[in-house]
Amino acid sequence: MVHVLSGRTLLRPTDPERSRVFYGEQLGLAVYREFGTGPERGTVYFLGGGFLEVAGRSETPPSPAVRLWMQVPDVAAAHEELVAKGVGIVRPPVKEPWGLIEMWIADPDGTPIVLVEVPADHPIRYRPGI
């Protein structure tokens, strides 16, 4: 068995500074660490139980198969905050048939991001025997 100590999602944006503004200022993700210098320096953000690293540069946008899933305590509050910061909303909050409340946004390169709220009565919160 592989003993994983930590993990992170790596993004190579087409415009690193624009992506740092999006993730750091508009989404308000806290910085875990930074490394390197110049416009392609790396920034690692806290992402709940994981990390998101924005570093380097890509000549092409990421694959549409790449998506980020971020759980938040209150999707409606996140919606209000992001609209106030000028973040484009791809799809406003909706309670899905599976019971989660989801809102979709995209980063500057078009990477889809789903913000998810797990309601208190959702089965994902129920753990038998606990």
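As the structure is a prediction and not an experimental result, all values here were calculated from the model.

K.L.:
What is the right way to read the overall build of the chain from this model?
P.N.:
Within the chain one finds two helices and eight strands. Looking at the chain as a whole, 36% of its 130 residues qualify as buried. In the chain, of all internal contacts separated by at least 6 residues, the share reaching a separation of at least 24 is 48%. When the accessible area of the chain is evaluated, it comes to approximately 8000 Å², of which 58% is carbon and sulfur surface. Across the chain, the 13 positively charged side chains and the 16 negatively charged ones have centroids separated by 5 Å.

K.L.:
Explain the environment of A76 here, please?
P.N.:
Tracing the backbone shows A76 in helix α2 (residues 75–84). When the C-alpha atoms of A76 and M103 are compared, they prove to be 8.8 Å apart, with 27 residues separating the residues in sequence.

K.L.:
Please clarify how the environment of E53 should be interpreted in this entry.
P.N.:
By the secondary structure assignment, E53 is in strand β4 (residues 50–54). E53 sits 15 residues away from L68 along the chain, and the two C-alpha atoms are 12 Å apart. If near-sequence neighbours (up to four positions away) are discounted, E53 is found in contact with R8, T9, L10, L11, R12, F35, T43 and V44.

K.L.:
Help me out: how do you make sense of helix α1 (residues 16–26) in this one?
P.N.:
Count 3.6 residues to each turn of an α-helix, and residues three or four apart come out pointing the same way. Buried within α1 are the following residues: P16, S19, R20, F22 and Y23. On an axial view of α1, the arc spanned by its buried residues comes to 160 degrees, and they lie on one face. Among the structural elements, β1 (8–11), β3 (42–47), β4, β5 (68–71), β7 (101–106) and β8 (112–117) are those in contact with the buried residues of α1. Looking one or two places after α1, you find G28, whose phi comes out positive at around 75 degrees.

K.L.:
How do you make sense of the sheet that holds β8 when you look at a structure like this?
P.N.:
Two modes of strand pairing occur in sheets, parallel and antiparallel, and in both the strands are linked by backbone hydrogen bonds. If you walk across this open sheet you meet the four strands as β5-β8-β7-β6, and the pairing is mixed. Strand pairing shows two members of the sheet lacking a second neighbour, β5 and β6 (89–95), which therefore form its edges. Averaged over neighbouring strand pairs, the angle between their axes works out to 15 degrees when direction is ignored. Direction of pairing for β6 relative to β7: antiparallel, over a ladder of four bridges.

K.L.:
Whenever I open this one, the pattern of salt bridges confuses me. Can you help?
P.N.:
Where charged atoms from two side chains of opposite charge approach closely, those side chains can pair. Per the stated rule, a full pass over the model turns up eight salt bridges. D109 is the partner of R18 in a salt bridge, and the nearest nitrogen-oxygen pair spans 2.9 Å. Highlighted residues: R18 in helix α1 and D109 in the loop between β7 and β8, separated in sequence by 91 residues. With its nearest N and O atoms 3.3 Å apart, the salt bridge here joins K85 to E81.

K.L.:
Is there a simple way to think about the nonpolar core in this case?
P.N.:
The nonpolar side chains of a soluble globular protein tend to be buried, and buried together. In this structure, Y23, L27, I105, I113 and L115 are the most contacted members of the largest nonpolar core, which totals 20 residues. Breaking this core down by element, the ones donating at least two residues are α1, β4, β5, α2, β7 and β8. Each residue touching L115, except ones within four places of it in the same chain, is listed here: M70, V72, V75, A78, L82, I101, E102, M103 and I105.

K.L.:
Where do I start with the side chain of D107 in this structure?
P.N.:
Looking at where D107 falls in the secondary structure, it is placed in the loop between β7 and β8. Here D107 is buried and forms no salt bridge, its nearest opposite-charge partner R18 lying at an N-O distance of 6.8 Å. Engagement of the side chain of D107 in a polar contact is seen with the backbone nitrogen of T111, the distance being 2.9 Å. Setting aside anything within four residues of it in sequence, one finds D107 in contact with L11, F22, Y23 and I113.

Calculation criteria
Residues numbered from 1 in each chain as written. Predicted model: local features only at pLDDT ≥ 70, side-chain atom pairs only at ≥ 80, totals over all residues. Heavy atoms only, no water. Helix = DSSP H or I, 4+ residues; strand = E, 2+ residues; numbered from the N terminus. Buried < 20%, exposed > 50% of the residue type's maximum accessible area, 1.4 Å probe, protein only. Contact = heavy atoms within 4.5 Å. Areas by Shrake-Rupley, 256 points an atom, 1.4 Å probe, with all protein chains shown as cover. Lys, Arg positive; Asp, Glu negative; His and termini not counted. Charge placed at Lys NZ, Arg CZ, Asp CG, Glu CD. Arc of directions from axis to C-beta. Pairing = 2+ DSSP bridges. Axes fitted to C-alpha atoms, helices over the stretch in contact; angles between N-to-C directions. Salt bridge = Lys/Arg side-chain N within 4 Å of Asp/Glu carboxyl O. Core = buried A, V, L, I, M, F, W, Y, C linked by side-chain atoms within 4.5 Å. Polar contact = N/O pair within 3.5 Å; in protein donor to acceptor, adjacent residues only side chain to side chain.

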